[in-house]
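Read off the chains here:
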Amino acid sequence: MSRNRALLTAAAASAALLALTGCGSSGEPGGAGEELGLVSGDTLTVATEGTYRPFSYHDGSGELVGYDVEVAEAVAENLGVEIEFQETQWDAIFAGLDAGRFDTIANQVTLTPEREADYVFSTPYTVSTGVLVVAADNNEIKSFPDLDGKTTAQSLTSNWNELATESGATVEAVEGWAQAVALLEQGRVDATINDSLTYLDYANTEDASAIKVAAETEEESQSAFVVTPEREALTEAIDGALEDLRTDGTLAELGEKYFGEDVSE
């Protein structure tokens, strides 16, 4: 009887130990996912387009890569959770966030007064300006007012088109940066205005010796993770992770990898 009682006691102790261990395991009550209010266990579900180079796109092997993708992965690792990306078209991405399909968006979401009225943003992980790009041998255009009477290549739906027009330029409509820089290098336009990150990506991956930055805007654009208002715990956790990644140099390294310089501040 004494031996049987000892065996039963040992079995009960083992069962209790397993139960305690299970409480802190991935996906179980009390795990990181529950504390952060994640929509899927201990997995941070992140919406991104997957078509927005160099922030979120597919490389030659088909793998989802990019600056925003790697920043999100580093945040998840810092938080001790898994990560899953849901590729979503831009025009449906905020609706998906509102519906609780994912926890946050990592797709160069710019802080604007309109968005800040409806959502909560993390501290920015990308800071950029607008740049005025001209031919390398152009010494006539040195500021935005110098565009008066000149021709720029711009996408008509971009805010840079508005800036070019306000500066007095005649705008040649293009579909995007690639077409704009081609016209500039061919001497068919005098300049183009775009985001500094677009220029840095081009200079980091292509031969940019034929063009240069003549001026940049004083106003900065900031991009961050965005969550719904009731997810303050997740926002605070992301902020803490970003601070760690800024301190240990991870954000600077990712900026160097994709843009040739730190773009996080």
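As the structure is a computational prediction, the values presented were derived from the model and not from experiment. (Residues numbered from 1 in each chain as written. Predicted model: local features only at pLDDT ≥ 70, side-chain atom pairs only at ≥ 80, totals over all residues. Heavy atoms only, no water.)

**Looking at the overall build of the protein chain**
A tally of regular secondary structure across the protein chain gives 10 helices and 14 strands. For the protein chain, the proportion of its 265 residues judged to be buried stands at 45%. The long-range share in the protein chain, meaning contacts at least 24 apart out of those at least 6 apart in sequence, stands at 66%. (Helix = DSSP H or I, 4+ residues; strand = E, 2+ residues; numbered from the N terminus. Buried < 20%, exposed > 50% of the residue type's maximum accessible area, 1.4 Å probe, protein only. Contact = heavy atoms within 4.5 Å.)

**Points about the side chain of Thr104**
Inspection of the secondary structure assignment puts Thr104 in strand β5 (residues 104-105). Separated by 2.8 Å, the side chain of Thr104 and the backbone oxygen of Val226 make a polar contact. (Polar contact = N/O pair within 3.5 Å; in protein donor to acceptor, adjacent residues only side chain to side chain.)

**Here we look at unusual backbone geometry**
Put simply, Arg53 and Pro54 share a cis peptide bond, and its omega is 0°. You can see Pro54 is positioned in the loop between β1 (43-48) and β2 (57-58).

**Some thoughts on the pattern of salt bridges**
Overall, the coordinates contain four salt bridges when judged by the stated rule. For Arg231, the salt bridge is made with Asp103, and the minimal N-O distance between the two is 2.7 Å. One end of the pair, Arg231, is in the loop between β14 (226-227) and α9 (232-247); the other, Asp103, is in the loop between α4 (90-98) and β5, with 128 residues separating them in the sequence. Residue class for Arg231 comes out buried when judged on its relative accessible area of 11%. (Salt bridge = Lys/Arg side-chain N within 4 Å of Asp/Glu carboxyl O.)

**Some points on α9**
Under the 1.5 Å per step criterion, the end-to-end length of α9 is 23 Å for 16 residues, consistent within 8% with the ideal 22 Å. Among the residues of α9, Leu234, Thr235, Ala237, Ile238, Ala241, Leu242 and Leu245 are the ones counted as buried. Buried residues of α9, seen end-on, are gathered within an arc of 160° and therefore sit on one face of the element. Those residues of α9 that are exposed and angled more than 90 degrees off the buried face are Glu236 and Thr247. The inward-facing, buried residues of α9 contact α2 (32-36), β1, α3 (67-79), β6 (120-121), β14 and α10 (250-259). (Expected span 1.5 Å × (residues − 1). Arc of directions from axis to C-beta.)

**Overview of the layout of surface pockets**
Over the atoms, a rolled probe matching the size of one water molecule traces out where space is still vacant. Its volume calculated, the largest pocket comes out at about 1300 Å³. Lining the largest pocket are 46 residues; nearest its centre among them are Tyr52, Asn159, Trp160, Asn194 and Asp195. Secondary-structure elements contributing two or more residues to the lining of the largest pocket are β9 (151-154), α6 (159-166), α7 (177-185), β11 (191-195), α8 (196-205) and β13 (221-223). Per-element tally for the lining of the largest pocket: the top contributor is α6, with five residues. Grouping the constituent residues of the lining of the largest pocket by class yields 16 nonpolar, 20 polar and 10 charged. (1 Å grid on protein atoms, 1.4 Å probe; cavity = no way out; pocket = protein on both sides within 12 Å on 5 of 7 lines; lining within 4 Å. Points joined across faces, edges and corners; volume = space filled by probe spheres on them. Nonpolar A, V, L, I, M, F, W, Y, C, P; charged D, E, K, R; others polar.)

**Here's the deal with the confidence of the model for the protein chain**
Scored by pLDDT, the protein chain has a mean of 89; 88% of the residues are at 70 or more. Per-residue pLDDT stays below 50 along residues 1-29; that stretch engages in 11 contacts with residues further than four places along the chain or on separate chains. (pLDDT = per-residue confidence, 0-100.)

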